[in-house]
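Here is how the chains run, residue by residue.
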Amino acid sequence: MKKVIALLMAVMFVFSLAACGKTADAYDIGNADRADYFYSRYKELVNQYGEASFDGDKLQGVAVLKLIDFTGDGGYELYVAYADGTKDYVNRHRIIGFDRGPALILDEEITSKANSADATPQIWIYTDENFKGFMVFGDSMNDVAEYHTYVTKRGEEEIYKFQREFTIGGASGDEVEAKGTTEKILLSGLTEEDADAIFEENESIISCMKNQGR
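The structure displayed is predicted, hence computed values, not measured ones. Each chain has its residues counted from 1, running along the sequence as written. Only residues with pLDDT of 70 or above have their local features reported here, since the model is predicted, and side-chain atom pairs are shown and tallied only from 80 upward, although totals for entire chains, interfaces and linings are computed over all residues. Hydrogens and water are ignored here; the side-chain numbers use all heavy atoms of the structure.

1. As for the layout of surface pockets
A water-sized probe, rolled over the atoms, reveals where empty space remains.
And step 1. In this analysis, the protein atoms alone were mapped onto a 1 Å grid. Cavities are point sets where a 1.4 Å probe fits without being able to get out; pockets are open sets with protein on both sides within 12 Å along at least five of seven lines; lining residues have an atom within 4 Å of a point. Grid points are joined across faces, edges and corners, and a volume is the space filled by probe spheres set on the points. In this structure, the second largest pocket spans a volume of roughly 190 Å³.
And step 2. Helix and strand definitions follow DSSP, with helices as H or I runs of at least four residues and strands as E runs of at least two, each counted in order from the N terminus. For the lining of the second largest pocket, the secondary-structure elements that each account for two or more residues are helix 1 (32-49), strand 4 (62-68) and helix 2 (192-212).
And step 3. The element contributing the most residues to the lining of the second largest pocket is helix 2, with 5 residues.
And step 4. Residues are sorted three ways: Asp, Glu, Lys and Arg are charged, Ala, Val, Leu, Ile, Met, Phe, Trp, Tyr, Cys and Pro are nonpolar, and all the rest, Gly among them, are polar. Taken together, the residues of the lining of the second largest pocket sort by class into 7 nonpolar, 1 polar and 4 charged.

Here it is as structure tokens:
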């Protein structure tokens, strides 16, 4: 199994990506059913955990939204990170898909840390040269990141493959430079300006979901 070293010298410490400076339709979600489904799942989470907010140096509520192609099919999935109330910071995330019907692709606690001494976890998203997104997991983001695979089925039919384990070129056992971009999203230790940039992107995504729905 080859491992991929993410070059953190080239990591993008970004709090607002594709939506920055663009219109409310910066993202093409693809169809009204997908936009409606994403928006309804977002609203359900807001009703349960509250809207995004900034408390001290930490994010609260439904705090981070992203539209990223995690399945490699050319369409967006909705990424949501939120605080479920069991911690004083954002501690869970979901990836919500919609292609041949709805699918909950990922639903788990956020555990990845830049190093074991960190008090809170961070979100790391790697996007390859083909614009496919990967969640990066592991206790040391400055070293080698491990990836895993999730499969969602409807009956015996395979609906989604969510890939977190992959190889890139080279001979077996080689350490291969990951060619793409890595985004790091802090969940604590933020300034008010940092939080505002995250919330600005959230608003653009919310607008896209609403405007492109029925």
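So much for the structure itself; the text now carries on.
2. Section: the environment of Asn 91
And step 1. Looking at the element boundaries, Asn 91 is found in the loop between strand 5 (77-82) and strand 6 (92-99).
And step 2. Distance in space between the C-alpha atoms of Asn 91 and Glu 108 is 8.8 Å, their sequence separation being 17 residues.

3. A short note on the environment of Thr 111
And step 1. Considering the arrangement of structural elements, one finds Thr 111 in the loop between strand 7 (101-109) and strand 8 (122-128).
And step 2. Considering only alpha carbons, one finds Thr 111 and Arg 92, 19 residues apart in sequence, at a separation of 8.7 Å.

4. Digging into the packing of aromatic side chains
And step 1. When two rings of Phe, Tyr or Trp (its six-membered ring) have centres within 6.5 Å they constitute a pair, described as stacked for plane angles under 30 degrees, edge-to-face for angles over 60, and tilted for the intermediate range. Under the defined criterion, the tally for this structure stands at 5 aromatic pairs.
And step 2. Each ring, one from Phe 70 and one from Tyr 79, has its centre 6.4 Å from the other, and the planes form 45 degrees; the classification is tilted.
And step 3. Think of it in three bands: with a 1.4 Å probe and only protein chains considered, a residue is buried below 20% of the maximum accessible area for its type, exposed above 50%, and partly exposed in between. The exposure class of Phe 70 is buried, given its relative accessible area of 0%.
And step 4. Under the relative-accessibility criterion, Tyr 79 is labelled buried at 0%.

5. Notes on the sheet that holds strand 6
And step 1. DSSP-based pairing: two strands are paired if at least 2 bridges between them are found. Pairing is antiparallel across the open sheet formed by 4 strands, whose spatial order is 4-5-6-7. In this open sheet, the two strands that pair with only one neighbour each are strand 4 and strand 7. Strand-to-strand twist of the sheet, defined as the mean angle between neighbouring strand axes without regard to direction, takes the value 15 degrees.
And step 2. The sheet contact formed by strand 6 and strand 7 spans 8 bridges and is antiparallel. What sits directly across from Phe 98, in strand 7, is Pro 102.
And step 3. Any two residues whose heavy atoms approach within 4.5 Å are treated as being in contact. Convention adopted: a line fitted to C-alpha atoms gives each axis, helices being fitted over their contacting stretch, and angles between N-to-C directions are expressed from 0 to 180 degrees. Of the strands in this sheet, strand 4, strand 5, strand 6 and strand 7 touch helix 1, which is tilted by about 155 degrees from strand 6.
And step 4. Packing against the sheet, helix 2 makes contact with strand 4 and strand 5, and its axis sits at approximately 60 degrees to strand 4.

6. Re the packing of helix 1 against helix 2
Each packed pair of helices is defined by two parameters, the angle between the axes and the distance between the axes.
And step 1. Packing of helix 1 against helix 2 leaves a shortest axis separation of 8 Å and a crossing angle of 130 degrees. Viewed along their axes, helix 1 and helix 2 adopt a mutual orientation that is oblique. In this structure, helix 1 meets helix 2 at a crossing whose hand is left-handed. The segment helix 1 lies against helix 2, with Ala 32, Ala 35, Phe 38, Tyr 39 and Tyr 42 engaging Ile 206, Met 209, Lys 210 and Gln 212.
And step 2. Residue composition of the contact of helix 1 with helix 2, by class: 7 nonpolar, 1 polar and 1 charged. Angles below 35 degrees are treated as roughly parallel, those above 145 as roughly antiparallel, those between 65 and 115 as roughly perpendicular, and all remaining angles as oblique. Put simply, a crossing is left-handed when the front helix is turned counterclockwise from the back one by less than a right angle, and right-handed when it is turned clockwise.

7. Quick notes on the sheet that holds strand 8
And step 1. With respect to topology, 3 strands assemble into an open sheet ordered 9-8-13, the strand pairing being antiparallel. Among the strands making up the open sheet, the edge pair consists of strand 9 (133-135) and strand 13 (180-186). Between one strand axis and the next, the sheet turns through 25 degrees on average, direction left out of account.
And step 2. Pairing geometry for strand 8 and strand 9, over 3 bridges, is antiparallel. By the bridge assignment, Thr 127 is partnered in strand 9 with Gly 133.

8. A closer look at the confidence of the model for the chain
Should pLDDT be low for a region, the predicted coordinates there are not to be read in detail.
And step 1. Taken residue by residue, the chain gives an average pLDDT of 75. The fraction at 70 or more is 66%.
And step 2. Summarising per-element confidence for the chain, the mean pLDDT is lowest in strand 1 (residues 3-5) (38) and highest in helix 1 (97).
And step 3. Contacts of residues 1-23 to residues separated by more than four positions or lying in other chains number 66 contacts, the stretch itself having pLDDT below 50.
And step 4. The predictor reports its confidence for every residue as pLDDT, a score running from 0 up to 100. Overall, residues 140-151 carries pLDDT values under 50, and its contacts beyond four positions in sequence, including any with other chains, amount to 46 contacts.

9. Describing unusual backbone geometry
And step 1. Positive phi, normally seen in glycine, also occurs at Phe 131, with a value near 70 degrees.
And step 2. Mapped onto the fold, Phe 131 is located in the loop between strand 8 and strand 9.

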